[in-house]
Amino acid sequence: MSMIQLSLNDVACSGCIGKIKKKIKRYDGIEMVKILAGSGKIEINYNEAIIESEEINTAIHKLAVRTFD
């Protein structure tokens, strides 16, 4: 299992971050998602045999854009 931390500085409220967390957990290979309170970051543990960090980063970006639409 691998871990990645991504910055969510563009996402202003904790409710929006919560929505992103809920949706990213649905992706195959995502083991755990943790919001790092006060840092504007999200920590994701994932199975690199199923999903790559680039896919996760892209998915987070898309989810953040949809959250503001």
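Basis of the calculations
- Residues numbered from 1 in each chain as written.
- Predicted model: local features only at pLDDT ≥ 70, side-chain atom pairs only at ≥ 80, totals over all residues.
- Heavy atoms only, no water.
- Buried < 20%, exposed > 50% of the residue type's maximum accessible area, 1.4 Å probe, protein only.
- Helix = DSSP H or I, 4+ residues; strand = E, 2+ residues; numbered from the N terminus.
- Arc of directions from axis to C-beta.
- Contact = heavy atoms within 4.5 Å.
- Core = buried A, V, L, I, M, F, W, Y, C linked by side-chain atoms within 4.5 Å.
- Pairing = 2+ DSSP bridges.
- Axes fitted to C-alpha atoms, helices over the stretch in contact; angles between N-to-C directions.

Every α-helix carries 3.6 residues per turn, so stepping three or four residues along brings you back to the same face. Of the residues making up helix α1 (residues 14–24), those classed as buried are C16, I17, I20 and I24. The buried side chains of α1 occupy one side of the element, clustering within an arc of 100° when seen end-on. Of the exposed residues in α1, the ones pointing more than 90 degrees away from its buried face are S14 and K22.

The next thing to look at is the side chain of N45. With respect to the helices and strands, N45 occurs in strand β3 (residues 41–46). Residues within four places of N45 in sequence aside, it is in contact with M1, S2, M3, G29, I30, E31 and M32.

Among the nonpolar cores identified, the biggest contains 17 residues, and L6, I24, I30, I44, Y46, I56 and I60 are the most heavily contacted of them. Every element with two or more residues in this core is listed here: β1 (2–7), α1, β2 (30–36), β3 and α2 (53–68). Element by element, the count of residues in this core is highest for α2, at five residues. Excluding residues that lie within four positions of it along the chain, Y46 makes contacts with M1, S2, M3, I4, G29, I30, E31, I51, E52, S53 and I56.

Now for the environment of N45. Its relative accessible area of 17% is what places N45 among the buried residues. Sequence separation between N45 and M1 is 44 residues; the distance between their C-alpha atoms is 6.6 Å.

Turning next to the sheet that holds β2. Ordered in space as β1-β3-β2, the three strands form an open sheet in which the pairing is antiparallel. The open sheet has two edge strands with one neighbour each: β1 and β2. Neighbour-to-neighbour, the strand axes of the sheet open up by a mean angle of 20°, direction not taken into account. Pairing geometry for β1 and β3, over six bridges, is antiparallel. Across the sheet, residue L6 finds its bridge partner in β3, namely I42.

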